[in-house]
Number of protein chains: 2
Amino acid sequence: MAILSVAEAEKIILQHAFSPAGEEVELAHTLGRILQEELTADRDFPPFDRVTMDGIAIRHAQFAEGCRQFPICGVQAAGKPRLTLTDPAGCMEVMTGAMLPEGADTVIRYEDVRIENGSAAVLCSGVNFRQNLHFQGIDRRTGDIIVQRGQKIGPAEIATAATVGKTRLRVARLPRTAIVSTGDELVPVGQTPLPHQIRGSNVFAIRALLAEQFQADSQIFHYPDDPKAIAKGLEQIFGDFDLVILSGAVSEGKFDFLPQVLASLGVEKLFHKVSQRPGKPFWFGQLPGRAVVFALPGNPVSAFMCVCRYLLPFLRRSLGQTPRPPEIASLAEQVVFKPALTYFLPVRLECTAGGMLQAQPLPGHGSGDLANLNDADGFLELPLERDVFLAREVFPFYRYR
Amino acid sequence: MAILSVAEAEKIILQHAFSPAGEEVELAHTLGRILQEELTADRDFPPFDRVTMDGIAIRHAQFAEGCRQFPICGVQAAGKPRLTLTDPAGCMEVMTGAMLPEGADTVIRYEDVRIENGSAAVLCSGVNFRQNLHFQGIDRRTGDIIVQRGQKIGPAEIATAATVGKTRLRVARLPRTAIVSTGDELVPVGQTPLPHQIRGSNVFAIRALLAEQFQADSQIFHYPDDPKAIAKGLEQIFGDFDLVILSGAVSEGKFDFLPQVLASLGVEKLFHKVSQRPGKPFWFGQLPGRAVVFALPGNPVSAFMCVCRYLLPFLRRSLGQTPRPPEIASLAEQVVFKPALTYFLPVRLECTAGGMLQAQPLPGHGSGDLANLNDADGFLELPLERDVFLAREVFPFYRYR
């Protein structure tokens, strides 16, 4: 099989997106989830002609006829049933959020009146008909869609859901996700590695990326470089999980037997290797009709980049999230990259005083340079066809911070 | 007291930032928290001369002298103690992530050799001294700071913490936060409002904004428009919480007795009213030496905007988060706003093909237009001094999505 381009790999991955069922979740726990229903107005927004300033409500015709002194006939508070201004020449004190009293049509704020002896004197000359009111249904009408299905639920959506009386929301169910590391060189975080060992970190980075983006809770596994142990472990995992993310053992090495093990378990290889740096040995497949398998390279920058570039878009598609156009950033300085590979360049993002997204290259020391990711904010995708990328040219930007 | 400008209000608020103690948290629960220690390299990064390609390791001098055939003396796997290439004319098979065998200095990838009868023939002509190696300490030296104190912990920081063996991290303790709504017009989400009532939503929006930004867990309270009930409730709250966010009852209305109630409880008013729309009635104070009080207007857009513009920066400062310059976006079309107020304009953000952050105005119908926030991504801050804001001019952008 020829090595795929980034675009080809992306296409195959998105073709294998899930269509997960929805689930009902309590409103307080929906933040960051993907909405699987529409939020519609259960009544008009606002539900009544609503006062927007504290002051007095009058009939504007009186003011137009020259009246400047209005006897106070009562107080219309917020949260109280609608009163009626029976005296057309009078006024009603009204509070922000209150219903406009029947018979009144205009509100003058307290700053523009003087109240003495039960009467309000208007001090300002200009009073517009229907001013300081938020009229019933002007924002939305009963039945209007306020939030579309596929929206990621943020604070504004939580507020709207509360307003329309949704104590629970239907959201996309998250795939049951397993994150698996392999490699005899890896020791647990709490352990002091021997000179030839390192602590495992990819599984934690991947779990954090999924948690941050989707509130996904993933389970972590580790297997030594032993095909039998891996096969036994994966067989179990394929029974319990929808999405299996592996890291390590997909390269050309003598101990990179993951592709063979996956084949022996019936996982269909959809591709192996993408013409990109980092992340060339990336393997992708599916157990027919069941788990989707991302087998990422073990190098920390490679695994991280593959998650940002492929796995997150795969999950957005799977969860039905409404796509938004990719971000575009401008190279702060010239970059030369000669290999015939798409180059995912770590960059630090700055917003210029002119409103431009500017990407400062932080090439680091290659796919093993984890520390470099702490200084960067994302990756710029520099196309395979070219070697020289000029300052101020713009490229797609994959943000992880 | 004169009405403050946005800049003056911001300055006073930031002067009252906390300096919270730190707390040790298990690594898996630190995502989104603010780091209160430095992450330093516990050993060199990488910790040994690390092979970056599967292939063979040789002594380059042999290649330089014309040798193209290297008998295989062994296999250096990742995670195995370092071997020695005793035969200077031989080679060792090496795997990605393995230690470079002693006596070898250069790696040739499998794609560029042919292995037959226990010997590797080099097929390529160009082999650079020390190629395909990631040398010990090239990324970071033992003791180097990799992540600074004050960094928000993201997936890359989780990975680095794991690599340097931190099973727990010291992070800024979150303030104990109470969010309090007042207003007789508000009914619970699960209830059907009468015509003059609405469901409360501000408290949920504020809680979600704090949860999303800081993983903060806030407690919600509601009091009716009754000064005695509010005073009694707040007295209790001031004993238990560091940060108290109120919404409603701060305007000029007859039932807006919150400023008086707060004064009666000994809360020092630091300001009341800011020359801005929405959010003019915003009140800010502190119970001396204790709780900081944000009393926000009850209108949903006002409360939401005040959180984005004032409360989130206050918390970033309080938690010691390293500041980053504000985002700047370009107006997509001309906007006219005549009142002598700073105008926080809801906008939808687009990233143009040229890498520009472009803000599409979504003025909506004022501070009560909650539904408008669902279409917007943030607020553009248009200065008080001007009335006309031209297309393509740039202004500070406060993102909430």
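These figures come from a predicted structure and were not determined experimentally.

Chemist: A description of the relation of the copies chain A and chain B should follow, citing residues and the corresponding values.
Modeler: You can overlay chain A on chain B at an RMSD of 0.1 Å; the transform is a turn of 180° with a shift of 0.0 Å along its axis. Expressed as a symmetry operation, the mapping of one chain copy onto the other fits a two-fold axis. Using C-alpha coordinates, one finds that chain A approaches the rotation axis most closely at A:M356, a distance of 2.2 Å. The share of interface residues of chain A whose copies in chain B are also at the interface is 100%, consistent with both copies meeting through the same surface.

Chemist: Which residues make up the pairing of strand 13 (residues 177-182) of chain A, and what values do they have?
Modeler: Residues and elements named next belong to chain A. Across the 6 residues that make up strand 13, a large majority, 6, are buried. Here strand 13 shows two buried faces, one formed by T177, I179 and S181 and the other by A178, V180 and T182. The pairing of strand 13 with strand 16 (residues 218-223) spans 6 bridges and is parallel. Paired with A178 across the strands is Q219, a residue of strand 16. Pairing between strand 13 and strand 17 (residues 243-247): 5 bridges, direction parallel. Across the sheet, V180 pairs through a bridge with L246, a residue of strand 17.

Chemist: I'd like a description of the interface of chain A and chain B, backed by residues and values.
Modeler: Contacts between the two partners involve 87 residues from chain A and, on the opposite side, 88 residues from chain B. Looking at the side of chain A that touches chain B, the elements with two or more residues in it are strand 11 (145-147), helix 3 (155-163), strand 15 (198-199), helix 4 (202-214), strand 22 (327-331) and helix 8 (370-375) of chain A. For the side of chain A that touches chain B, a count of residues per class yields 43 nonpolar, 27 polar and 17 charged.

Chemist: Provide a residue-level description of unusual backbone geometry, including the pertinent values.
Modeler: Residue and element names in this part refer to chain B. In the segment running from F45 into P46, the intervening peptide bond is cis, with an omega of -15°. When you line up the elements, P46 lands in the loop between strand 2 (39-40) and strand 3 (50-51). In this structure, the amide linkage connecting R277 to the following residue, P278, adopts the cis form with an omega of -5°. Here P278 lies in the loop between strand 19 (276-277) and strand 20 (283-286). At R130, a residue that is not glycine, the phi angle is positive and equals roughly 70°.

Chemist: Could you give an account of the packing of helix 1 (residues 6-15) of chain A against helix 7 (residues 300-318) of chain A, with specific residues and numbers?
Modeler: Residues and elements named next belong to chain A. Close contact between helix 1 and helix 7 brings their axes to 9 Å; oriented N to C, the two are set at 35°. The interaxial crossing formed by helix 1 with helix 7 has right-handed handedness. Contact with helix 1, carried on its side by A9, E10, I13 and L14, involves Y310, P313, F314 and R317 of helix 7 and no other residues of that element. Per-class residue counts for the contact of helix 1 with helix 7 are 6 nonpolar, no polar and 2 charged.

Chemist: Got a sec to walk through the domain arrangement of chain A? Specific residues and values, please.
Modeler: For chain A, the assigned domains are domain 1 (6-16 + 174-300), domain 2 (26-45 + 139-172), domain 3 (50-134) and domain 4 (327-399). For domain 3 of chain A versus domain 4 of chain A, the distance between C-alpha centres works out to 60 Å.

Chemist: If you had to explain the packing of helix 4 (residues 202-214) of chain B against helix 7 (residues 300-318) of chain B to someone new, which residues and values would you point to?
Modeler: Residue and element names in this part refer to chain B. Here helix 4 crosses helix 7 at 30°, and the two axes come no closer than 10 Å. With respect to their mutual orientation, helix 4 and helix 7 come out roughly parallel. Once helix 4 is placed against helix 7, the crossing between them reads as right-handed. Across from N202, A205, I206, L209, Q213 and F214 in helix 4, the residues of helix 7 making contact are P300, A303, F304, V307, L312 and L315. Residues of the contact of helix 4 with helix 7, tallied by class, amount to 10 nonpolar, 2 polar and no charged.

Chemist: Describe the confidence of the model for chain A, naming the residues involved and giving the relevant values.
Modeler: Put simply, chain A has an average pLDDT of 95, and 100% of its residues get 70 or more. Of the two predicted TM-score estimates for the complex, the pTM is 0.95 and the ipTM is 0.94.

Chemist: Which residues make up helix 7 of chain A, and what values go with them?
Modeler: Residue and element names in this part refer to chain A. Taking 1.5 Å of rise per residue, 19 residues should cover 27 Å, and helix 7 covers 25 Å from first to last C-alpha, within 8% of that figure. At V307, helix 7 is deflected by roughly 40°, the largest bend along its length. Just downstream of helix 7 lies G320, where phi reads positive at about 80°.

The rules behind the values
- Residues numbered from 1 in each chain as written.
- Chains lettered and ligands numbered in written order.
- Predicted model: local features only at pLDDT ≥ 70, side-chain atom pairs only at ≥ 80, totals over all residues.
- Least-squares fit on C-alpha atoms with pLDDT ≥ 70 in both.
- Contact = placed C-beta atoms within 7 Å.
- Buried ≥ 20, exposed ≤ 12 C-beta atoms within 10 Å, placed from the backbone.
- Helix = DSSP H or I, 4+ residues; strand = E, 2+ residues; numbered from the N terminus.
- Pairing = 2+ DSSP bridges.
- Nonpolar A, V, L, I, M, F, W, Y, C, P; charged D, E, K, R; others polar.
- Axes fitted to C-alpha atoms, helices over the stretch in contact; angles between N-to-C directions.
- Left-handed = near helix turned anticlockwise from the far one by under 90°.
- Domains from an automatic or database assignment.
- Parallel < 35°, antiparallel > 145°, perpendicular 65-115°, else oblique.
- pLDDT = per-residue confidence, 0-100.
- Expected span 1.5 Å × (residues − 1).
- Bend = angle between axes of the 7 residues up to and from the residue.

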